[in-house]
Amino acid sequence: MDTEARITQRGSSSSEPGDGPEGERPRSAFSRSALRGLTVRRAALIGVACTAFLLLFSQYVVQPFLIPSHSMEPTLKVGDRVLVNKLAYRFGDRPERGDVVVFDGTGSFVRERPDGDALGEALRGAGAALGLAEPAETDFVKRVVGVGGDDVVCCDAGGRIKVNGVPVEEDYLFPGDTASRVPFRVVVPLGTLFVMGDHRSQSRDSRDHLGEPGGGMVPVEKVIGRADWIGWPATRWGAPGTGAGHG
């Protein structure tokens, strides 16, 4: 009688949860779940930190810039991502003739920055800073043709632009384009730049804003940086050539 009671008691106690392999399964499942949660949180933190670093790097050192138009062909094509060197002119150097620059055209190419949704503009700005979205409507990329004090004339008998009386051999122009279909002569004010696109027939540049407020002259302080490298697509890796020479 007592033996049967002990056997029954022993048998019932062995099936209690928490004892044996079956009882350990909930603990193992909880550990795996906690580990997965920790891994996801760590990955999210790493992602946020990397994004913040890239945004800061883009803001102060090098910014990817998505080419949105045909105005700089064949040097830069639609969809190219160029790396804009923001330190190029920060320590005393000035933009030079032949440099390809990215600049804020507010006041020179556009009268004022258009109003928009603040959140949308912030998200778009972050995307543009990473080269994932088109730049702001006020940002442009062009080639420096004249710097402060230059006398820029189009054109001589050979159809070439002359800077300070010297013809410029512009071998970077889009095939079939002329230096300019519209004749002009301008003395570039000190502290500003006269800029043009390499695809002259497809470019709205300093020529188109002569006579307007700002006169199409880009203040040097509005230059964001110099386009030093084509970073994408990989088949176009390399520095945009200056290709300019005086004849």
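It should be noted that the structure appears before, not after, this text.
Right, let's talk about unusual backbone geometry for a bit. Residue P74 is reached from E73 by a cis peptide bond, and omega for that bond is 5°. Backbone torsion omega between C154 and C155 reads 0°, so that peptide bond is classified as cis. Although it is not a glycine, N164 adopts a positive phi angle of roughly 55°. The topology assignment puts N164 in the loop between strand 6 (161-163) and strand 7 (166-170). For N164, a relative accessible area of 41% corresponds to the partly exposed category.

Evaluated as defined, the whole model comprises 1 disulfide. Disulfide pairing is shown between C154 and C155; the S-S distance is 1.8 Å. Across the S-S bond linking C154 and C155, the dihedral sits near -40°, which makes this disulfide left-handed.

Time to look at the pairing of strand 9 (residues 192-196). Of all 5 residues in strand 9, 5 are buried, a share of seventy percent or more. Residues of strand 9 alternate between two faces, with T192, F194 and M196 on one and L193 and V195 on the opposite face, all of them buried. Here 4 bridges tie strand 4 (residues 139-147) to strand 9, and the two strands are oriented antiparallel to one another. Paired with G146 across the bridge in strand 9 is F194. For strand 9 and strand 10 (residues 218-219), the ladder comprises 2 bridges, and the chain directions are antiparallel. Its bridge partner being in strand 10, L193 is matched across the sheet by V218.

The next thing to look at is the pattern of salt bridges. Within the structure shown, the criterion is met by 10 salt bridges. Across the pair R97 and D150 runs a salt bridge, and its minimum N-O distance is 2.7 Å. Here R97 is found in the loop between strand 2 (81-85) and strand 3 (100-104), whereas its partner D150 is found in the loop between strand 4 and strand 5 (151-154), with 53 residues between them in sequence. Of the charged contacts in the structure, one is a salt bridge between D228 and R226, with a shortest N-O distance of 2.6 Å. Several salt bridges converge on common partners, so that one network encompasses D156, R160 and E169.

Thresholds, definitions, all that
- Residues numbered from 1 in each chain as written.
- Predicted model: local features only at pLDDT ≥ 70, side-chain atom pairs only at ≥ 80, totals over all residues.
- Heavy atoms only, no water.
- Helix = DSSP H or I, 4+ residues; strand = E, 2+ residues; numbered from the N terminus.
- Buried < 20%, exposed > 50% of the residue type's maximum accessible area, 1.4 Å probe, protein only.
- Disulfide = S-S within 2.5 Å.
- Pairing = 2+ DSSP bridges.
- Salt bridge = Lys/Arg side-chain N within 4 Å of Asp/Glu carboxyl O.

Keep in mind these numbers describe shape, not what the thing actually does.
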